[in-house]
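Observations on chain architecture
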Amino acid sequence: MSWGTELWDQWDNINVHTQKGIDFSERYIHFLKERSSVEMDYASKLKKLVKNFQPKKRDEDEYQFTWSRAFVDMLKEVYDMASQHEVVAENLTGTVSRNLQDLVTETKTDRKKYLQDGARLQEQLRQSSQTLDKAKRKYEKAHYDSERSLDNYRKADADINLSRAEVEKHRVVMNGKVQQCEECKNEYAAQLQTHNNHQTEFYSQTMPQVFQQLQDMDERRIHKLQECVLQCAEIEKNVVPIINTCIEGIAKAAGSINTAADSKLVIERYKSGFAMPEDVPFEDLSTGQSIEPSNNQTPRIPAPANSVKNATVSGGKGKKRGGLFGIFGSSKGKVSTPVKVDEQKEDFSDLPPNQRRRKLQQKIDSIKKEMAKEHSEREGILKLKDVYAGNPALGDPSTLDKKIEENSQKLDGLRQELLKYEGYMAEAEGKVSRRHSASEDSRSLSTSGSGDTQHTQQVSAPGTPQVQHNVYQPIDGDEDGEDEFDIFPVIGHCRALYPFEAVNEGSVPMGENEEMQILEQDQGDGWTRVRKGDGSEGFVPTSYIECHYYDADQV
């Protein structure tokens, strides 16, 4: 069956039909998109439902029973089923819809080309027909003029009143008209032959070819649509085994419920271990004696455990941390700033001893983990800087100074936190930390008249860092601390390797190759206390100086 032979005169209907096929394909694409949206929305709501019913961390102890664990396993399987619906949605949108969209785009392009070809062939046939009509009208007019000139000649030849010259004139006109009529006749005949040949080719070859192209295009669209429908079925078919596996997992979770095991677990969890009370003895008031059971004892029923627990917790919460530790409540170290209640609990002093030690240990472990991360990052930056220094074409080493400085500041802040919480831990364990406790730092390192204070920033790379110092304010009433640094003896001398600008209180600037006296050795925080030639004292980065101690050399 061919459209070119069967539907040779239905060009307009073929035009409309092919457009309807494209419209239907686009509608099917919209269906797939909405179907994918429904699947994705269903999967999202199903996952949200699973998330809402997931056991909270505080309720983990309650999920030791087989029925509760089976419920958790069921939630996992439902989550996996939701994921399969997401797979369906992604495949429908990413594969089927894309293929159909490409098909529609290709079909529109081909249809436009074929319609243009058909319209061009029809226009050529129409122009040929118009040329034939024009030649026919010209022949008809020439024939009419020839007949009329012949009639005039006959009349003139029969008229005895006309001269021979006038009759000859009519004969010449008649012959010209007859000749002109023959020419128009021949032209009309030639045009008719051309038109007939063109029309025959149009209806037997060129136009059927266009119809065939449109038919092939529509059949390709239908075949591709069939493939897409089968592909949708295949997508559904592929997830069915996984969904069945999830259903089997739910059934397996149901089979894992053990009634006897759960009952035994309840006994083990709530069993007190006390013996049951004996019978109440009869008291004979007349004789003042009592008849007791054979064991002569009635066990004492213990008080509920929660009464002791509540008393401990309430007693612990009634105390608020204050005293000297209130000095460090403000982030800026101002004594006059009021201390908030939340800031007083940073040492977990409102908790019982065991809980406090556990919380402090968790905090210390967290800080150490963060420090290890920052150290790894620092090593990577330093290695990259060495690479840049060895090959300047890869980058400028100075661009990494800011990152090194920021990393040093982070490490300094983490060291301060670690020292602080280690001091809290030592306090909780009843130990004394000479330099790690925040309270002892405030006692031993007070602000002097020149603003000297200890710094814990360690800068290991050359350059002028923006140092952030921890300034410990003096404790009220501790006036003797202001002269503590004046008694430090000179223990060595040093030379500045790099220039350093003091940007915060407690540090002193120095120029390159400047000679200074060492008053206090680096205590592990990266800073050394020195005295300059003009008598000013303060801290400078240890990595910026070359030290010489009187008892040993240290570079």
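Structure: see above.
Just so it is clear, the structure is predicted and the values come from calculations on it, not from any experiment.

1. A short note on the pattern of salt bridges
According to the stated counting rule, one finds 22 salt bridges in the structure shown. A salt bridge links D117 to K113; its shortest N-O distance comes to 3.5 Å. Of the two residues, D117 and K113 both sit in helix α3 (residues 66–158), four residues apart, roughly one turn of that helix. Taken together, the salt bridges that share partners define one network made up of R35, E39 and E236.

2. Quick look at helix α5 (residues 259–270)
When the terminal C-alpha atoms of α5 are compared, their 17 Å separation across 12 residues agrees well with the 16 Å that a helix rising 1.5 Å per residue should span. Of all 12 residues making up α5, only one are buried, and the element is barely covered by its neighbours. Two to three positions downstream of the cap, the backbone nitrogen of A260 sits 3.1 Å from a side-chain oxygen, assigning the N-cap of α5 to N258.

3. Overview of the packing of helix α2 (residues 11–52) against helix α4 (residues 164–255)
Closest axis-to-axis distance for the α2/α4 pair is 11 Å, and the angle between their directions is 15°. With respect to each other, α2 and α4 are oriented roughly parallel. Every pair of crossing elements has a handedness; the one defined by α2 and α4 is left-handed. Of α4, the residues touching α2 (which contributes W11, I14, H17, T18, G21, I22, F24, S25, Y28, L32, R35 and E39) are M207, V210, F211, L214, M217, D218, R221, L225, C228, V229, C232 and E236. Class assignment of the residues belonging to the contact of α2 with α4 gives a composition of 15 nonpolar, four polar and five charged.

4. Digging into helix α9 (residues 401–428)
Given 3.6 residues to a turn, an α-helix orients residues that are three or four positions apart in the same direction. Look at α9: 40 Å from first C-alpha to last across 28 residues, which is about the 40 Å you get at 1.5 Å a residue. G430 occupies a position one or two residues after α9 and carries a positive phi of about 80°.

5. As for the packing of aromatic side chains
Applying the stated rule across the entire model yields 10 aromatic pairs. Between W11 and F211, the aromatic rings sit 5.5 Å apart at their centres with planes inclined by 90°, giving edge-to-face as the arrangement. Of this pair, W11 sits in helix α2 while F211 sits in helix α4, placing them 200 residues apart in sequence. For the pair shown, W11 and F211 are each scored as buried. Between the aromatic rings of F202 and Y203, the centroid separation amounts to 4.8 Å while the plane-to-plane angle is 90°, which identifies the pairing as edge-to-face. With a relative accessible area of 5%, F202 lands in the buried category. Judged by relative accessible area, Y203 falls into the partly exposed class, the value being 35%.

6. Brief notes about the environment of K264
If you trace the backbone, K264 turns up in helix α5. When the C-alpha positions of K264 and F65 are compared, they lie 9.8 Å apart, and in sequence the two are 199 residues distant.

7. Examining a nonpolar patch on the surface
Together, L384, V387 and L394 line one region of the surface with nonpolar side chains, adding up to about 250 Å² of accessible area. Along the chain, the position of V387 falls in helix α8 (residues 353–390).

8. Notes on the packing of α3 against α4
When two helices pack together, you describe them by how their axes are tilted relative to each other and by the distance separating the axes. Where α3 contacts α4, the two axes come as close as 6 Å, and the packing angle between them is 175°. Relative to α4, the element α3 lies roughly antiparallel. In terms of residue class, the contact of α3 with α4 is built from 45 nonpolar, 26 polar and 19 charged.

Rules of the game
Residues numbered from 1 in each chain as written. Predicted model: local features only at pLDDT ≥ 70, side-chain atom pairs only at ≥ 80, totals over all residues. Heavy atoms only, no water. Salt bridge = Lys/Arg side-chain N within 4 Å of Asp/Glu carboxyl O. Helix = DSSP H or I, 4+ residues; strand = E, 2+ residues; numbered from the N terminus. Expected span 1.5 Å × (residues − 1). Buried < 20%, exposed > 50% of the residue type's maximum accessible area, 1.4 Å probe, protein only. Polar contact = N/O pair within 3.5 Å; in protein donor to acceptor, adjacent residues only side chain to side chain. Axes fitted to C-alpha atoms, helices over the stretch in contact; angles between N-to-C directions. Parallel < 35°, antiparallel > 145°, perpendicular 65-115°, else oblique. Left-handed = near helix turned anticlockwise from the far one by under 90°. Contact = heavy atoms within 4.5 Å. Nonpolar A, V, L, I, M, F, W, Y, C, P; charged D, E, K, R; others polar. Phe/Tyr/Trp six-rings, centres within 6.5 Å; stacked < 30°, edge-to-face > 60°. Patch = residues over 30% accessible without salt bridge, like charges linked within 9 Å, V, L, I, M, F, W, Y side chains within 5 Å. Areas by Shrake-Rupley, 256 points an atom, 1.4 Å probe, with all protein chains shown as cover.

Everything listed here is a matter of coordinates, which is why it stays silent on function.
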